[in-house]
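What follows is each chain in one-letter form.
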Amino acid sequence: MFNKRLKQELSALREELSSLQQVKDSLESEMLVLTLFPDGRIQSANQNFISEMLYKSHDLIDRPIEDLVPPHVKSDEFHRRFQTALSRGEHFAGAVRLLRGDGREAWLRSIVQPVRSADGRIKHFSIYSSDLTRTIEASREHENLIGALVRSTAVIEFDLNGNVLSANDRFLNGMGYSLAQIKGKHHRLFCEAQEHTRAEYQDFWRRLNAGEFVAGRFKRVDSHGRTVWLEASYNPVVDANGKLYKVVKFATVITDQVNQEQAVAEAATIAYGTSQQ
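Everything numeric in this text was worked out from a predicted model, so none of it was measured.

**A short note on the pairing of strand 9 (residues 227-238)**
- One ladder, built from eight bridges, connects strand 8 (residues 214-221) with strand 9; its direction is antiparallel. Paired with K219 across the two strands is W229, which belongs to strand 9.
- What sits between strand 8 and strand 9 in their antiparallel hairpin is a turn of five residues, with G225 showing a positive phi close to 85°.
- Two successive antiparallel strands, strand 9 and strand 10 (residues 244-253), enclose a turn made up of five residues, where G242 displays a positive phi of approximately 80°.

Next up, the structure:
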């Protein structure tokens, strides 16, 4: 009976070990993997790490992981958390920034796991990472582009019903409002009386709700009832699931330009009429 129970336990342990080995093999085939000695020196690196990070294996073995950290990153909060986890033998999950073999910086989304022996001593650290460098660089580029637009352009955001979500200072100053005065109000606040009842206006919002980009010159009214001309684009925005959820308007105030064009046109009309007489 005792032997039978031992065999069952041994069989169960083998089954569990096989399952864990399958998970480990799968992770190692997909991710960048480093193993560190307890003191933070590199014990091994899988082929994914070597290929993606542009190293040779002999360049890494026995090298302190700290050697791969860019100097300007060493005071970064995430790096200090990473260092603390290694020194205390703790689990860590977060961004780790390391240098590639060619000197370029890589952003790695990493999980650091201390592996302990039966008596509680740390045998090594396993680090499983995925390279997020391209994603982060693209995100930062987009953020910089949007930042440049927001600094140089009047921006206002609407929900799909046309209600104001937010607006930047350029828009607020150009239209003579504070954000508190317009947030939650409908877009028709900026339109001439009765414009919102016209078929063209209803079609304008129908097109935006269909995900259609709309651009052109728009005649609007500021907080004092004065005419403001905008060169603007209304941009439908989708979320991560591809679902439309708001409209962002980028605009430039061109009132002076339009007034000048109208004055020139009126002068030309008068001159033509005079010549005909």
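Here the narrative resumes.
**Quick notes on the sheet that holds strand 9**
- Strand order in the open sheet formed by five strands is 7-6-10-9-8, and the pairing between neighbours is antiparallel. Both outer strands of the open sheet, strand 7 (164-167) and strand 8, are each paired with one neighbouring strand and no more. Taking the axes of each pair of neighbouring strands and ignoring which way they run, one obtains an average angle of 30° across the sheet.
- By the bridge criterion, three bridges tie strand 6 (residues 154-158) to strand 7 in an arrangement that is antiparallel. Opposite I156, over in strand 7, you have A167 as the bridge partner.

**Concerning the packing of aromatic side chains**
- Enumeration over the complete set of coordinates arrives at nine aromatic pairs.
- Ring centres of F82 and F92 lie 5.7 Å apart, and the angle between their planes is 65°; this geometry places the pair in the edge-to-face category. Remark: F92 occurs in strand 3 (residues 92-99) and F82 occurs in helix 4 (residues 77-88); sequence separation between them is ten residues.
- Residue classification places F82 among the buried positions, given a relative accessible area of 2%.
- For the pair Y177 and F190, a centre-to-centre distance of 5.8 Å together with 80° between the ring planes defines the contact as edge-to-face. On the criterion of sequence distance, the pair formed by Y177 in the loop between helix 6 (169-175) and helix 7 (179-182) and F190 in the loop between helix 7 and helix 8 (199-209) is long-range, its members being 13 residues apart.

About the criteria used
- Residues numbered from 1 in each chain as written.
- Predicted model: local features only at pLDDT ≥ 70, side-chain atom pairs only at ≥ 80, totals over all residues.
- Heavy atoms only, no water.
- Pairing = 2+ DSSP bridges.
- Helix = DSSP H or I, 4+ residues; strand = E, 2+ residues; numbered from the N terminus.
- Axes fitted to C-alpha atoms, helices over the stretch in contact; angles between N-to-C directions.
- Phe/Tyr/Trp six-rings, centres within 6.5 Å; stacked < 30°, edge-to-face > 60°.
- Buried < 20%, exposed > 50% of the residue type's maximum accessible area, 1.4 Å probe, protein only.

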